[in-house]
Amino acid sequence: MNVIIDEACLDTMQSLLGEQFSDTLVFCISEFERLEREVRESLPGDLEAATRNAHSLKSNAAQFGAMSLSDSAREIELFLLEGDVNSAKESLGNLSKQVAGSTVKLQQWLMANA
């Protein structure tokens, strides 16, 4: 599994948010975990909620440079929009790994750049 973090996105967000950046990134990481859990718990019963949470995870991850996580969430979102619940469920393992890997890399970046 390859975890890709676009550090230019982090630099941009840090410039925009200033002293609020560290707290915002920590909150965002917790949101990655919450949204992944919500996607998992929504399947297969509430496809609308699962799709919405996958979309939010995709967008939040991209905004903070977690590109491979964003791609994984996008894949699930597209499967759900196509009605392919089985493929979406099969992709959950990768999504969980991407959340965990992105969390580690983002925390490492924060410690090195805060």
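Per an unreviewed UniProt entry, the chain goes by HPt domain-containing protein and derives from Pseudoalteromonas rubra.

Enquirer: I'd like to hear about the pattern of salt bridges, residue by residue, with values.
Expert: For the structure shown, the criterion picks out 4 salt bridges. Measuring nitrogen to oxygen at the nearest pair gives 2.9 Å for the salt bridge that ties Glu31 to Arg34. You can see Glu31 and its partner Arg34 sitting in helix H2 (residues 21-42), 3 residues apart, about one turn around the helix. Here Arg34 falls in the partly exposed class, since its relative accessible area comes to 30%. A salt bridge links Glu48 to Arg52, with the nearest nitrogen and oxygen atoms 3.9 Å apart. Taken as a pair, Glu48 and Arg52 lie in helix H3 (residues 47-63) at a separation of 4 residues, close to a single helical turn. Look at Glu48 and you get exposed, because its relative accessible area is 61%.

Enquirer: Account for the environment of Met67, with residues named and values stated.
Expert: Here Met67 shows up in helix H4 (residues 67-81). Owing to a relative accessible area of 28%, Met67 belongs among the partly exposed residues under this scheme. In sequence terms Met67 and Gly101 are 34 residues apart; their C-alpha atoms lie 11 Å from each other. Ignoring sequence-local partners within four residues, the contact set of Met67 consists of Ile4, Asp6 and Ala62.

Enquirer: Help me get a handle on the UniProt feature "domain: HPt" (unreviewed entry) in the chain, residues and values and all.
Expert: Taking the numbering used here, the UniProt-annotated feature "domain: HPt" (unreviewed entry) corresponds to residues 32-95. Annotation note: span residues 32-95, helix share 83%, strand share 0%, distance between end C-alpha atoms 10 Å.

Basis of the calculations
- Residues numbered from 1 in each chain as written.
- Predicted model: local features only at pLDDT ≥ 70, side-chain atom pairs only at ≥ 80, totals over all residues.
- Heavy atoms only, no water.
- Salt bridge = Lys/Arg side-chain N within 4 Å of Asp/Glu carboxyl O.
- Helix = DSSP H or I, 4+ residues; strand = E, 2+ residues; numbered from the N terminus.
- Buried < 20%, exposed > 50% of the residue type's maximum accessible area, 1.4 Å probe, protein only.
- Contact = heavy atoms within 4.5 Å.
- UniProt positions renumbered as here; feature names shortened; annotations may be inferred.

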